[in-house]
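Coordinate analysis (summary)
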Amino acid sequence: MNIRCLAASVAASVLLVFATPASASDTILSVTGKVTDGEINLTLEQVEAMGSTSIVTTTPWHDGLTTFEGVPMARFLDAVGAQGTTAYVHALNDFSIDIPLSDLTRFDAIMAFKTDGEYMGIAEKGPLFIVFPYDDVREVRNELFYARSVWQIHTIEIE
Ligand SMILES: Nc1nc2c(c(=O)[nH]1)N[C@H]1C(S)=C(S)[C@@H](COP(=O)(O)O)O[C@H]1N2
Ligand SMILES: [Mo]
């Protein structure tokens, strides 16, 4: 391959990387710490395959009733073999917070991948967003649980 040809093919691959949306084979979530094999990298497809349920609720961030579809956190924690007591959830915008696993399971939190039937881009709090049933469960209608409602989730460390 001559240099001009090489330059053209490098330019083409750079273009491809920027023009291609997240695909089924992209890792969107890494789960580390006290989980099976110490680290699990998941695609959106793999997260979705864990099973899903819906929460219909108002939130402090959306207008009116909104339907969130996602994997129940209890099912997710089982699927990754979580053994610890706390999830340290880290977001793309560098926000992070500790959430006791027991609060995720007893209040039926989900890790949502769809809002009103649509996959969420980063601008729509995607690709993954921890949602609690704010309307149905009085205990989660407060600042502590709003802070635990992490969007743009990037990594979860089980401690
Ligand atoms: N990705 C991400 N999720 C987040 C936050 C954040 O900065 N980034 N802030 C948290 C906190 S501390 C609260 S109280 C609510 C804040 O929502 P608000 O910024 O719309 O008030 O979202 C939570 N989820
Ligand atoms: Mo907050």
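About the cut-offs
- Residues numbered from 1 in each chain as written.
- Chains lettered and ligands numbered in written order.
- Predicted model: local features only at pLDDT ≥ 70, side-chain atom pairs only at ≥ 80, totals over all residues.
- Heavy atoms only, no water.
- Helix = DSSP H or I, 4+ residues; strand = E, 2+ residues; numbered from the N terminus.
- Polar contact = N/O pair within 3.5 Å; in protein donor to acceptor, adjacent residues only side chain to side chain.
- Contact = heavy atoms within 4.5 Å.
- Core = buried A, V, L, I, M, F, W, Y, C linked by side-chain atoms within 4.5 Å.
- Buried < 20%, exposed > 50% of the residue type's maximum accessible area, 1.4 Å probe, protein only.
- Pairing = 2+ DSSP bridges.
- Axes fitted to C-alpha atoms, helices over the stretch in contact; angles between N-to-C directions.
- Near = heavy atom within 4 Å.
- Nonpolar A, V, L, I, M, F, W, Y, C, P; charged D, E, K, R; others polar.
- Phe/Tyr/Trp six-rings, centres within 6.5 Å; stacked < 30°, edge-to-face > 60°.

This paragraph deals with the side chain of Arg148. Structurally, the position occupied by Arg148 is in the loop between helix H5 (143-147) and strand E10 (153-158). Side-chain polar atoms of Arg148 contact the side chain of Asp103, separated by 2.7 Å. Other than its neighbours up to four places away in sequence, Arg148 contacts Ile97, Asp98, Ile99, Pro100, Asp103, Ile130 and Phe132.

With that out of the way, let us pick up the nonpolar core. Formed by 42 residues in total, the largest nonpolar core has its most connected members in Leu29, Val31, Phe76, Met111 and Ile156. Look past the residues within four positions of Val31 in its chain and what remains in contact with it is Gly38, Glu39, Ile40, Leu42, Phe76, Val80, Ile156 and Ile158.

What follows is about the sheet that holds strand E6 (residues 96-100). The strand order across the open sheet built from five strands is E2-E1-E10-E5-E6, with neighbouring strands paired in mixed fashion. Two strands in the sheet have a free side with no partner beyond their single neighbour: strand E2 (39-43) and E6. Put simply, the sheet's adjacent strands are angled 20° from each other on average, direction ignored. Of the strand pairs in this sheet, strand E5 (residues 86-91) and E10 are connected by five bridges, and their pairing is antiparallel.

So, about the site of ligand 1. Around ligand 1 sit Trp61, Ala91, Asn93, Phe95, Glu143, Tyr146, Ala147, Ser149, Val150 and Trp151, and those are all the residues in its vicinity. Contacts to ligand 1 include Tyr146, whose backbone N or O atom sits 3.4 Å from an oxygen atom. Residue contributions to the shell around ligand 1 peak at three residues, all from H5. Partitioned by chemical class, the residues of the shell around ligand 1 number seven nonpolar, two polar and one charged.

What follows covers the packing of aromatic side chains. The final tally for this structure, using the stated rule, is 10 aromatic pairs. With a centroid separation of 5.8 Å and an interplanar angle of 85°, the aromatic rings of Phe129 and Trp151 are classed as edge-to-face. Of this pair, Phe129 sits in strand E9 (residues 129-131) while Trp151 is found in the loop between H5 and E10, placing the two residues 22 residues apart along the sequence. Judged by its relative accessible area of 1%, Phe129 falls in the buried class. The class of Trp151 is partly exposed, set by a relative accessible area of 24%.

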